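Breakdown of the fold
These are the residues of each chain, in order.
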Amino acid sequence: MKHLLAPAGLALLVVSTNVSAADGKAVYTQICRACHATGVAGAPILGDRDAWAARVPAGLEALQQSALRGKGGMPPKGGNPGLADSQVKAAVEYMVSQSR
Ligand code: HEC
């Protein structure tokens, strides 16, 4: 799994100096979706308002810290240490924006 994700991480590093909302979507699609599309290990599914309703009130920053540091079945940065912090944060923003 980690091996398969590595090339995506390297490609994403190239754009890490100027992270936009579009990058958040790209990071989600390439990395986070592996778990957050189907709910692997209990991951809250993108677009599932009920699943996110319990988490969103914690605040965007708290959710971003969870994604950066890892939480429960989620490894830090979704298991892709090559991602810049700003890329992970943009991906969280994208996921939350799609799920409330
Ligand atoms: C290996 C599977 C996996 C991958 C890959 C993954 N996640 Fe998760 N994620 C989880 C699981 C499982 C949880 C639920 C953790 C818990 O609450 O115990 C979670 C929870 C979260 C939460 C909610 C945290 C909270 O405090 O409630 C956010 C935000 C999140 N993930 C963002 C991301 C982002 C952004 C990425 C991509 C960079 C990502 N995840 C990749 C499995 C994954």
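The protein chain appears in an unreviewed UniProt entry as Cytochrome c5 family protein from Aromatoleum petrolei.

**A look at the coordination of the iron atom of the ligand**
Donor atoms from the polypeptide that coordinate the iron atom of the ligand comprise His36 (NE2) and Met74 (SD), at 2.0 to 2.1 Å from the metal. Taken together, the six donor atoms coordinating the iron atom of the ligand and their angles of 84 to 180° define a geometry best described as octahedral. With histidine 36 in helix α2 (residues 21-36) and methionine 74 in the loop between α4 (60-69) and α5 (85-97), the pair connects residues that are 38 residues apart, well separated along the chain. The partly exposed category is assigned to methionine 74, whose relative accessible area is 27%.

**Considering the packing of α2 against α5**
Two elements in contact, α2 and α5, have axes separated by 8 Å at closest approach and are oriented at 75°. With respect to their mutual orientation, α2 and α5 come out roughly perpendicular. Note on element contacts: α5 touches α2 through Gln87, Ala90, Ala91, Tyr94 and Met95, opposite Gly24, Lys25, Val27, Tyr28, Cys32 and His36. Split by residue class, the contact of α2 with α5 holds seven nonpolar, three polar and one charged.

**Re the nonpolar core**
One finds Val27, Cys32 and Met95 to be the most contacted residues of the largest nonpolar core, which totals 15 residues. Take this core: its biggest share by element is six residues, from α5.

**A short note on the site of the ligand**
Around the ligand lies a shell of 23 residues, among which Cys32, Cys35, His36, Ser66 and Met74 are the nearest. In this structure, arginine 55 approaches the ligand through a side-chain N or O atom, which is 2.8 Å from an oxygen atom. Within the side chain of serine 66, one N or O atom sits 2.6 Å away from an oxygen atom of the ligand. Those elements that provide at least two residues to the shell around the ligand are α2, α4 and α5. At four residues, α2 tops the list of elements feeding residues into the shell around the ligand. Classifying every residue of the shell around the ligand by side-chain character gives 15 nonpolar, six polar and two charged.

What counts as what
Residues numbered from 1 in each chain as written. Predicted model: local features only at pLDDT ≥ 70, side-chain atom pairs only at ≥ 80, totals over all residues. Heavy atoms only, no water. Donors = N, O, S within 2.8 Å, 3.2 Å for Na, K, Ca; no water. Tetrahedral: all angles 85-135°; square planar, octahedral: opposite > 155°, others 65-115°. Helix = DSSP H or I, 4+ residues; strand = E, 2+ residues; numbered from the N terminus. Buried < 20%, exposed > 50% of the residue type's maximum accessible area, 1.4 Å probe, protein only. Axes fitted to C-alpha atoms, helices over the stretch in contact; angles between N-to-C directions. Parallel < 35°, antiparallel > 145°, perpendicular 65-115°, else oblique. Contact = heavy atoms within 4.5 Å. Nonpolar A, V, L, I, M, F, W, Y, C, P; charged D, E, K, R; others polar. Core = buried A, V, L, I, M, F, W, Y, C linked by side-chain atoms within 4.5 Å. Near = heavy atom within 4 Å. Polar contact = N/O pair within 3.5 Å; in protein donor to acceptor, adjacent residues only side chain to side chain.

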